[in-house]
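# Analysis of the macromolecular model
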Amino acid sequence: MSWLSWLTGGQTPAEAEQARLASEADARRLAEWETALQRGRLPGFVAERLQAASAGRTPWLTTMTAAELMLARSHGIRPIATVSGTCWFHYGYSWTKGHSAGWHAALSRLKLEAAAAGANAVVDVKMRRINLDIGESMDFTVLGTAVRFDGLPPSPDPVVATVPALEFARLLEAGIVPVGIGIGAHYEWLSRGGNLDGAGSFSNRPLTGLGNFWERVRRIAHAELRRDTAAQGNGVLAHTHFGQLFKIENDDAPGRYLGRHIVVGTIVDAPRRLPVPHGIEMVLDMNEAASPLSTASRHGHTAYDGVDQEGEI
Amino acid sequence: MSNTDQDLPQHALERLKGLRSQGHPGGIFTSDFSVNEFLLVRKAGFEPVGLCIGSCIYHVGIQYGSWSKNQELDVLSQAMYHARELAMTRMREEAADMGADGVVGVQLTVKRLAWDANVLEFVAIGTGVVHAEGSPAFKGPKGQPFTSDLSGQDFWTLLQAGYRPLEMVMGSCVYHVAHRGFMKTLGQAGQNVELTNFSQAMYDAREIAMERMQNEATEARAEGVVGVDLHEGNHVWEPHVIEFFAVGTAVVPISSEPSASKIPDPQLVLSVNS
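Everything in this summary refers to the structure shown in the same document. Since this is a predicted model, take the numbers as computed values, not measurements.

A word on the pattern of salt bridges. Residue and element names in this part refer to chain A. Within the structure shown, the criterion is met by 21 salt bridges over all chains. A salt bridge links aspartate 124 to lysine 126, with the shortest nitrogen-to-oxygen separation between them at 2.7 Å. For aspartate 124, a relative accessible area of 11% corresponds to the buried category. Between glutamate 215 and arginine 219 there is a salt bridge, and its shortest N-O distance comes to 3.5 Å. One end of the pair, glutamate 215, and the other, arginine 219, are both in helix α7 (residues 208-230), 4 residues apart, so they sit about a helical turn from each other. Given the relative accessible area of 31%, glutamate 215 is considered partly exposed.

Okay, the side chain of A:Ser84 next. Take A:Ser84: it is sitting in strand β2 (residues 77-90). Assessed through its relative accessible area of 2%, A:Ser84 is described here as buried. Separated by 3.0 Å, the side chains of A:Ser84 and B:Arg206 make a polar contact. Setting aside its immediate chain neighbours within four residues, A:Ser84 contacts A:Arg109, A:Leu110, A:Glu113, A:Val142, A:Leu143, B:Tyr203, B:Arg206 and B:Met210.

Turning to the sheet that holds strand β6 (residues 163-176) of chain B, a few remarks are in order. One open sheet holds the 5 strands; their spatial order is β1(A)-β8(B)-β9(B)-β6(B)-β2(B), and the pairing between them is mixed. Only two strands of the sheet have a single partner each, and these edge strands are β1 (60-61) of chain A together with β2 (71-72) of chain B. Against the sheet, helix α5 (residues 152-160) of chain B makes contact with β6, β8 (224-233) and β9 (241-253) of chain B, and its axis sits at roughly 120 degrees relative to β6(B), the strand it touches most.

Rules and cut-offs
- Residues numbered from 1 in each chain as written.
- Chains lettered and ligands numbered in written order.
- Predicted model: local features only at pLDDT ≥ 70, side-chain atom pairs only at ≥ 80, totals over all residues.
- Heavy atoms only, no water.
- Salt bridge = Lys/Arg side-chain N within 4 Å of Asp/Glu carboxyl O.
- Buried < 20%, exposed > 50% of the residue type's maximum accessible area, 1.4 Å probe, protein only.
- Helix = DSSP H or I, 4+ residues; strand = E, 2+ residues; numbered from the N terminus.
- Polar contact = N/O pair within 3.5 Å; in protein donor to acceptor, adjacent residues only side chain to side chain.
- Contact = heavy atoms within 4.5 Å.
- Pairing = 2+ DSSP bridges.
- Axes fitted to C-alpha atoms, helices over the stretch in contact; angles between N-to-C directions.

As structure tokens, then:
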């Protein structure tokens, strides 16, 4: 090996130059992400990609199925691009409140991308988390398809709908607009003395103290959901609940209880008493197995399916 | 169903018989279609020819990122992309050998093999179909069979919406998510804060995967990509390494886009089963 190739790790000068340029480009890209996240805007290359898709210079991307595409087209809805938002959040003082803050940050970033794509709405929004075990933190990711309505100007504040395009179009026909995602989260410690969980007792009795505490945690989470909803619409559909009640034992003190509850829903703006503009046809489904006619479609918030990990409060 | 064949022009019947006898002596086709899919594919004017399979067992090279750096792991990204591409190409070759115009209902899976964590098996399976009247207008890019992960039902619906599939497009990015330094971890103890370098890693990796998929669609001269699915996987790597994989079907209008009013309005039905 010549001294030159030894110095450059076995690369030719041209290869070394290429590697240097590639590494500089990587560093620039990372720096651009950092600045963008800090300032609450999009990196130039992301905005460029979305604007190109919006102007029809590059192909549109959509999470819609063929059936959804057909219905979207017949209702004048055009897909532009898949958009996303991510916020990796570290829980310090509250795991529960961290969830609320993390999802809200991710949602506002999703809207940023949708606005850059000149969209009126984002449909089929899924809340996801990625199973990477990085202690006391979690990523909050929302993904969806930015769409534009024929004849409407781009919206500076696009509507975020967790329902698929198929149901989005159906709701719009009925005058109902899914407008966003509402989140309510509450946690509380209970360290009152006394035997709250009936340990050592042989009799049947309701655990009123603990029950009231748990009820209160849930009620406050729902009240927060209502507050979150009121800012955007007048109703919430398709709730996802996630609640946990823990007892933390301590040798030299009475046990403490922790209750936490998170509730997530799709916010709708639904005027009362608007008729559905379609007749309904009664059918008898001869299918023995599960059929789309007899089972509800699965959609919406998937992030809390099977959550069982513990975190710091 | 047999009546449909009777109505076909003679040249189409001859062509079909010829196509079938190449890969399947005796005119027997194989397919993983359900009955509903089969009927709807036929309703859309296509006939199944045979199950097309492409597989690739791939040794994934070893590459570690810097402990504290967000970066794409090129060796792994290329391996995941290359192996899937090989499986898809082999499936498409099998379809071309059968004389198929395209492959629908493609399932692309990755399996881990028991004897070595770095050996992965990539399999692409779908049903090769031909246009019953022999129309050449449904081929994919460069006269090759089109490929699509749409089910038989979705294939019918897509054609009704005025589009035809070109090819499955994908983008893959394996990315190393940086570790936090001890001092940084200590500084954030007890606070609710965003870990921006991790957020940034997730964003960047997904952005790269989507960009690649979009480039593939542009190359295929598609108007758009339908059914985009973003998978996040870890496969066999260390905990801070993740793969973003985007896959969808690139589509193009059949002739010109139909006006919205031409697309039939579906009827609402209520199942009285229960």
